[in-house]
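Okay, here's what each chain looks like letter by letter:
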Amino acid sequence: MKKRIQHIGCLVLTIWMLLACHSLPENVQTVDQLPAIYPDYIGVTVPVGIAPLNFSMADDEFTDMDVEVKGRGGGTLHVNGSFADFDLDDWHQLLEENIGSQLIISVCAQKDGQWYKYQDFTMDVSPYPLDEWGVTYRRIPPSYMLYSHMGLYQRSLSDFEERSMIENSQVHGNCMNCHTQNRTNPEQYVFHVRGPHGATVIHTAGSNEVLQARNDTLGGTMVYPYWHPGGRYCAFSSNKTAQIFHMSNNKRIEVYDMASDVFVYDTQNHVALKDTLLMKKDRMENTPVFSPDGKSLYFITTPTGNYPQEYDKVKYSLCRVSFDEATGKIGETVDTLVNAAETGKSASWPRPSYDGRYLMYTQLDYGYFSVWHPEADLVLLDLKTGESRAMNEVNSPRSESLHNWSSNSHWFLFTSRRDDGLYTRLYFSSIDEQGRATKPFLLPQRNPKVYYRRLLYSYNTPDFTSRPVEMNAHEMGRKLERPERMKIKVDGK
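The structure presented is a predicted model; accordingly, all values stated were derived computationally and were not measured. (Residues numbered from 1 in each chain as written. Predicted model: local features only at pLDDT ≥ 70, side-chain atom pairs only at ≥ 80, totals over all residues. Heavy atoms only, no water.)

(A) Geometry of the overall build of the protein. Along the backbone of the protein there are 5 helices and 35 strands. Rg of the C-alpha trace for the protein: 25 Å, near the compact-globule value of 23 Å for 493 residues, within the 12% margin. Projected onto its principal axes, the C-alpha positions of the protein cover 100 × 50 × 45 Å. For the protein, the proportion of its 493 residues judged to be buried stands at 54%. Counting only contacts in the protein whose residues sit at least 6 apart along the sequence, the fraction spanning at least 24 positions is 58%. Separation of charge centres in the protein, based on 50 positive and 60 negative side chains, amounts to 3 Å. (Helix = DSSP H or I, 4+ residues; strand = E, 2+ residues; numbered from the N terminus. Rg over C-alpha atoms; globule rule 2.2 N^0.38 Å. Buried < 20%, exposed > 50% of the residue type's maximum accessible area, 1.4 Å probe, protein only. Contact = heavy atoms within 4.5 Å. Lys, Arg positive; Asp, Glu negative; His and termini not counted. Charge placed at Lys NZ, Arg CZ, Asp CG, Glu CD.)

(B) Structural detail: the packing of aromatic side chains. Taken as a whole and assessed by the stated rule, the structure comprises 23 aromatic pairs. Centre to centre, the rings of tyrosine 311 and tyrosine 366 are 5.7 Å apart; their planes meet at 75°, and the pair counts as edge-to-face. Separated by 55 residues along the polypeptide, tyrosine 311 in the loop between strand S23 (296–303) and strand S24 (317–324) and tyrosine 366 in the loop between strand S27 (358–364) and strand S28 (377–382) bring together distant segments of the chain. Like tyrosine 311, the residue tyrosine 366 is buried in the burial classification. Measuring from ring centre to ring centre gives 5.1 Å for tyrosine 451 and tyrosine 452, while their planes differ by 85°; the resulting arrangement is edge-to-face. We classify tyrosine 452 as buried; its relative accessible area is 4%. Against the face of tryptophan 372 rests arginine 417, its NZ or CZ located 4.5 Å from the ring centre. Over the ring of tyrosine 427 we find arginine 418, and its NZ or CZ is 4.9 Å from the ring centre. (Phe/Tyr/Trp six-rings, centres within 6.5 Å; stacked < 30°, edge-to-face > 60°. Lys NZ or Arg CZ within 6 Å of the ring centre and 35° of its normal.)

(C) Up close: the nonpolar core. Grouped together as the largest cluster of nonpolar side chains are 97 residues, with contacts concentrated most on Phe55, Val67 and Phe412. Formed by 19 residues, the second largest nonpolar core is a distinct cluster that contains Met176, Ala199, Val469 and Met476. (Core = buried A, V, L, I, M, F, W, Y, C linked by side-chain atoms within 4.5 Å.)

(D) Fine view of unusual backbone geometry. Following tyrosine 38, the chain continues to proline 39 via a peptide bond in cis, the omega torsion being -5°. Among the structural elements, proline 39 can be located in the loop between strand S2 (37–38) and strand S3 (45–46). Here the amide bond leading from tyrosine 307 into proline 308 is cis, since omega sits at 0°, within 30 degrees of zero. Within the element layout of this structure, proline 308 appears in the loop between S23 and S24. Positive phi outside glycine occurs at aspartate 112, with the angle close to 55°. Mapped onto the fold, aspartate 112 is located in the loop between strand S7 (102–111) and strand S8 (114–117). When its relative accessible area of 69% is taken as the criterion, aspartate 112 is described as exposed. Look at alanine 205: it is not a glycine, yet its phi comes out positive at around 55°.

Next up, the structure:
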């Protein structure tokens, strides 16, 4: 009788193993640790509607996987193959059934003919929706001087479809940069083209204006744009940028400015509004952004220095000045929100949440071009208390850099080199009412290990978009290749 009970127990255990890991032999070995998977999706928080978070074993010697996903609120997925490849519709349904709850993931994997079963791990399904259709970004190759092939792209967040908005092959290899929408609205955007066909393109009210790329009165090209929420104004900085290469350093290159100023462009009257408060000769102002209510303009500033010799002494402070939408005028007083003299660090890329609660910026040892700085981290400024804190829950030992908010201010995206230290990839995180962020997850791909290993491009200047961007690339290319450019009128002190 005892042997019969043992036999039945073994049979039940075998059946359980087969149910958990289909088509596996009976000698499944239990491993008392979490699986090492790529991408690292263990413990992340995801929004409903996101594309399937497919993954592989990080170790290439694993040849097969068997994965089961159970929702605490109901529903089950089961897949097997060389990687976890979830059905799109089934994945979306499972997330819908588990809003505000958890998914439990069981992984079995085979290596050298031996199957292993790992500890289960979880993913949280956020109660906060991510209402954006997708994301926009530039993809750029690892080149310092030559543009090579690059372009501006958009990607649906609910599946794996990527679409080209415009590529530099349509403008004879010029550099494409800085596609910037107004609060995720694809009806109003600006982007730059650098090179022989250089221009600043402003799309608003259904039409395109092709502006002269450089204006000597402004002191340089129009870069780093940010829209006023009202849509009439767009803030820019005017930069004279240079770069140097390191011979013995953990950094490859340093991008810095010989000079830079901030100004506001009036799209209605086609006038650049200069103001001496933001164009001081003894200071360099940079990376302007408007507040969500349109009443303030944030920017970074540093004293003019001895370049390039003292490039590593340049530290930017984060400041704010009032703005009058009715007149387009800047206020008389500059408030310093983050003082570089006190922090000993440099602030860059300020981005306020659209609900006006927080401002996220990048902090690095010096300079402002953070993508080449491994120490660059994201910092969250509480606009109610005036206190800043490092976002340790999303930062890594490698560069965190460009970032932007979703329209409901509960999600943000950012670029990071945490994967391999060479290429910037796109990550997403959620943030709650207390300003606590969740573990970030990598932009999903159908076969992420293969995709990211083969992709020799970096993601750059990312943003959310509420709908697909409608851009006729061929027509835009022809327009940019024509010599006609709108000259910018300059008005101000």
